Amino acid sequence: EPEVTQTPSHQVTQMGQEVILRCVPISNHLYFYWYRQILGQKVEFLVSFYNNEISEKSEIFDDQFSVERPDGSNFTLKIRSTKLEDSAMYFCASSEPTGTNQPQHFGDGTRLSIL
Amino acid sequence: AQKVTQAQTEISVVEKEDVTLDCVYETRDTTYYLFWYKQPPSGELVFLIRRNSFDEQNEISGRYSWNFQKSTSSFNFTITASQVVDSAVYFCALSRDYIQGAQKLVFGQGTRLTINP
């Protein structure tokens, strides 16, 4: 069964450094998302992306965050200058283009630790 | 604004017991979608079910069943004859009815379910 893949599984970064989290969505999906989950808390929406532009973003997704689809297969989340509070599990998801409100399929996540 | 409340933070039962996970939601939309996801100890999020607001029929899939009641804004999840492999955190989520475009999921806090042998 096709799946969303995320790399790396764990990223450790010094505060203030830039970090790029990578995702390969399911190949025929056209809607892409990033969510984060601070340890022990709920999953929070960050951003949705379609047709090479952001569809919606949350208050968390400030100027330090950006997303990009650099080629036909990858979808990345960049944090420009990381803060301690960016430590979390980051999930990428994708969904089908057909119909409405198709379920989002999630990757295994990248655990980001800011030191 | 949309909100999902899962009041049960943790539930612990003995294997083979039935268990129900509660989910209450708030939305001003007349049409919307509800979802359940499972997060096993390995950490990934696994899609379980999607239900739209105009379909109030209950759904059963093997040992899993879902009870959607619009009148009480609830979408509860029951596991029958629970097994140790059901141990996970379960999240209920809500989405607006997007006519087109990418959707945003609003998650509840999750319920940690532990099935003891």
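Refer to the structure above for everything that follows.
Residues numbered from 1 in each chain as written. Chains lettered and ligands numbered in written order. Predicted model: local features only at pLDDT ≥ 70, side-chain atom pairs only at ≥ 80, totals over all residues. Heavy atoms only, no water.

A.B. asks: Go over the overall build of chain B, please, and point to the residues and values.
C.D. replies: Each helix and strand in chain B was counted, giving zero helices and 12 strands. Starting at the N terminus and ending at the C terminus, chain B contains elements arranged as β-β-β-β-β-β-β-β-β-β-β-β. For 117 residues, the compact-globule estimate of 2.2 N^0.38 gives 13 Å, and chain B sits close to it at 14 Å. Expressed as lengths along the three principal axes of its C-alpha atoms, the size of chain B is roughly 45 × 30 × 25 Å. Burial status across chain B gives 46% buried among its 117 residues. Taking contacts inside chain B between residues at least 6 apart in sequence as the whole, the part at least 24 apart equals 56%. Total accessible area on chain B is roughly 5,800 Å²; 47% of this is exposed by carbon and sulfur atoms. Between the mean site of the 11 positive side-chain charges and the mean site of the 13 negative ones, chain B shows a separation of 6 Å. (Helix = DSSP H or I, 4+ residues; strand = E, 2+ residues; numbered from the N terminus. Rg over C-alpha atoms; globule rule 2.2 N^0.38 Å. Buried < 20%, exposed > 50% of the residue type's maximum accessible area, 1.4 Å probe, protein only. Contact = heavy atoms within 4.5 Å. Areas by Shrake-Rupley, 256 points an atom, 1.4 Å probe, with all protein chains shown as cover. Lys, Arg positive; Asp, Glu negative; His and termini not counted. Charge placed at Lys NZ, Arg CZ, Asp CG, Glu CD.)

A.B. asks: Quick one: what's the story with the packing of aromatic side chains, residue by residue and with numbers?
C.D. replies: Applying the stated criterion across every chain yields a total of 24 aromatic pairs over all chains. For the ring pair A:Tyr35 and B:Phe107, a centre distance of 5.8 Å and an interplane angle of 85° mean the geometry is edge-to-face. Here B:Phe107 lies in strand E11 (residues 106-107) and A:Tyr35 lies in strand E4 (residues 31-37), a pairing that spans two chains. For the residue pair A:Tyr35 and B:Phe107, the accessibility class agrees, reading buried in each case. Relative to B:Tyr90, the ring of B:Phe77 lies with its centre 5.5 Å away and its plane at 65°, an arrangement referred to as edge-to-face. Of the two residues, B:Phe77 is situated in strand E9 (residues 74-79) and B:Tyr90 in strand E10 (residues 88-96); the sequence distance between them amounts to 13 residues. One aromatic cluster is present, built from ring pairs that chain together A:Tyr33, A:Tyr35, A:Phe45, A:Phe91, A:Phe106, B:Phe35, B:Tyr37, B:Phe47, B:Phe91 and B:Phe107. (Phe/Tyr/Trp six-rings, centres within 6.5 Å; stacked < 30°, edge-to-face > 60°.)

A.B. asks: How would you summarise the nonpolar core if you had to cite specific residues and measurements?
C.D. replies: It is characteristic of soluble globular proteins that their nonpolar side chains tend to be buried jointly. Formed by 24 residues in total, the largest nonpolar core has its most connected members in B:Trp36, B:Phe75, B:Phe77 and B:Tyr90. Breaking this core down by element, the ones donating at least two residues are strand E2 (10-14), strand E3 (19-21), strand E5 (32-39), strand E8 (64-69), E9, E10 and strand E12 (111-116) of chain B. For this core, the element with the most residues is E10(B), which contributes four residues. Of all hydrophobic cores here, the second largest spans 21 residues; its members include A:Phe32, A:Phe49, A:Phe65 and A:Ile79. (Core = buried A, V, L, I, M, F, W, Y, C linked by side-chain atoms within 4.5 Å.)

A.B. asks: How would you sum up the state of the cysteines? Please name residues and give values.
C.D. replies: Cysteine pairs can be covalently joined through their sulfur atoms, and such a bond is termed a disulfide. All names here are of chain A. Applying the stated criterion across every chain yields a total of two disulfides over all chains. Bridging Cys-23 to Cys-92, the disulfide has an S-S length of 1.9 Å. Taking the sign of the torsion about the S-S bond as the criterion, the disulfide between Cys-23 and Cys-92, at about -65°, is left-handed. Remark: Cys-92 occurs in strand E9 (residues 88-95) and Cys-23 occurs in strand E3 (residues 19-24); sequence separation between them is 69 residues. (Disulfide = S-S within 2.5 Å.)

A.B. asks: Before we move on, can you summarise the interface of chain A and chain B with the specific residues and values?
C.D. replies: The partner chain B presents 23 residues to the 21 residues of chain A that form the contact. Counting each side, the surface lost to burial between chain A and chain B is near 1,900 Å², with a carbon and sulfur contribution of 52%. The tally of links from chain A across to chain B stands at zero salt bridges. Taken together, the connections running from chain A to chain B amount to five residue pairs in polar contact (both at pLDDT 80 or more). Breaking the side of chain A that touches chain B down by element, the ones donating at least two residues are E4, strand E5 (43-50) and strand E6 (53-57) of chain A. Split by residue class, the side of chain A that touches chain B holds nine nonpolar, nine polar and three charged. (Buried area = accessible area lost by both parts, 1.4 Å probe. Salt bridge = Lys/Arg side-chain N within 4 Å of Asp/Glu carboxyl O. Polar contact = N/O pair within 3.5 Å; in protein donor to acceptor, adjacent residues only side chain to side chain. Nonpolar A, V, L, I, M, F, W, Y, C, P; charged D, E, K, R; others polar.)

A.B. asks: Run through the side chain of A:Gln37, naming residues and quoting values.
C.D. replies: Within the secondary structure, A:Gln37 is located in strand E4. Residue A:Gln37 is classed as buried on the basis of its relative accessible area, which comes to 9%. Every residue in contact with A:Gln37, bar those within four places of it in the chain, is listed here: A:Lys42, A:Val43, A:Ala88, A:Met89, A:Phe91, B:Gln39 and B:Phe91.

That is the geometry; function is a separate question.
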